[in-house]
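Observations on the three-dimensional arrangement
Chain residues, written in single-letter form:
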Amino acid sequence: MTEAEIRTYRRRLLALKKQLGVKLSDLEEEALRPVGGEAGGGLSDVPVHPADPAAAEYDEQVSIGLLETEAELLTEVTDALARIEQGTFGRCEECGQEISRERLNALPYARYCLRCARRIQAAAGN
Ligand SMILES: [Zn+2]
């Protein structure tokens, strides 16, 4: 991989990290807001009863669930940036082969080549 290519991926990862950082703080705010504090808000098509503690608790669970996913993605992006610093970016962590450009263009934080990713995903699904 050339220096110019690395720089391009680095720029994309940094932009993604910034984007995720902003989203993350929004969700954090959402998750930390006291339950039932904002009765009668938007979302008119969702049957939410603010007085029902179970429903409020469910909303909180959904917010926290989202936060975990965003945080995981942020970890992937941060790790990819670390791999750029270490000079191992673009190599599969499993087999050591170069990850294809197509894959890196779609997922600049890809940790594994497509073959290993599929194998790992299949193993996790069992
Ligand atoms: Zn691999």
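Residues numbered from 1 in each chain as written. Predicted model: local features only at pLDDT ≥ 70, side-chain atom pairs only at ≥ 80, totals over all residues. Heavy atoms only, no water.

1. Digging into the overall build of the protein
- Looking only at helices and strands, one finds four helices and zero strands in the protein.
- Within the protein, the fraction of its 126 residues that count as buried is 23%.
- A separation of at least 24 residues holds for 62% of the contacts in the protein among residues at least 6 apart in sequence. (Helix = DSSP H or I, 4+ residues; strand = E, 2+ residues; numbered from the N terminus. Buried < 20%, exposed > 50% of the residue type's maximum accessible area, 1.4 Å probe, protein only. Contact = heavy atoms within 4.5 Å.)

2. A short note on the coordination of the zinc ion
- Protein coordination at the zinc ion comes from Cys-92 (SG), Cys-95 (SG), Cys-113 (SG) and Cys-116 (SG), with a distance range of 2.3 Å.
- Angles of 103 to 115° at the metal separate the four donor atoms of the zinc ion, which places the site in the tetrahedral class.
- Along the chain, the residues donating to the zinc ion are arranged with the sequence spacing C-x2-C-x17-C-x2-C. Of the two residues, Cys-95 sits in the loop between α2 (53-86) and α3 (101-106) while Cys-116 sits in helix α4 (residues 114-125), which places them 21 residues apart along the sequence.
- Judged by relative accessible area, Cys-95 falls into the partly exposed class, the value being 32%. (Donors = N, O, S within 2.8 Å, 3.2 Å for Na, K, Ca; no water. Tetrahedral: all angles 85-135°; square planar, octahedral: opposite > 155°, others 65-115°.)

3. Some thoughts on the confidence of the model for the protein
- Residue-level pLDDT values for the protein average 82, and 74% of them are 70 or greater.
- Of all helices and strands in the protein, the one with the weakest mean pLDDT is α2 (81), whereas α3 scores best (94). (pLDDT = per-residue confidence, 0-100.)

4. Some thoughts on the pattern of salt bridges
- As enumerated under the stated definition, the model contains eight salt bridges in all.
- In this structure, Arg-119 engages Glu-94 in a salt bridge whose closest nitrogen and oxygen atoms are separated by 3.8 Å. Of the two residues, Arg-119 is situated in helix α4 and Glu-94 in the loop between α2 and α3; the sequence distance between them amounts to 25 residues.
- On the accessibility criterion, Glu-94 (44% relative accessible area) is partly exposed.
- Residue Glu-98 pairs with Arg-101 through a salt bridge whose shortest N-O separation is 3.5 Å.
- Look at the salt bridges and you will find they share partners, linking Glu-76, Asp-79, Arg-83, Glu-93 and Arg-111 into a network. (Salt bridge = Lys/Arg side-chain N within 4 Å of Asp/Glu carboxyl O.)

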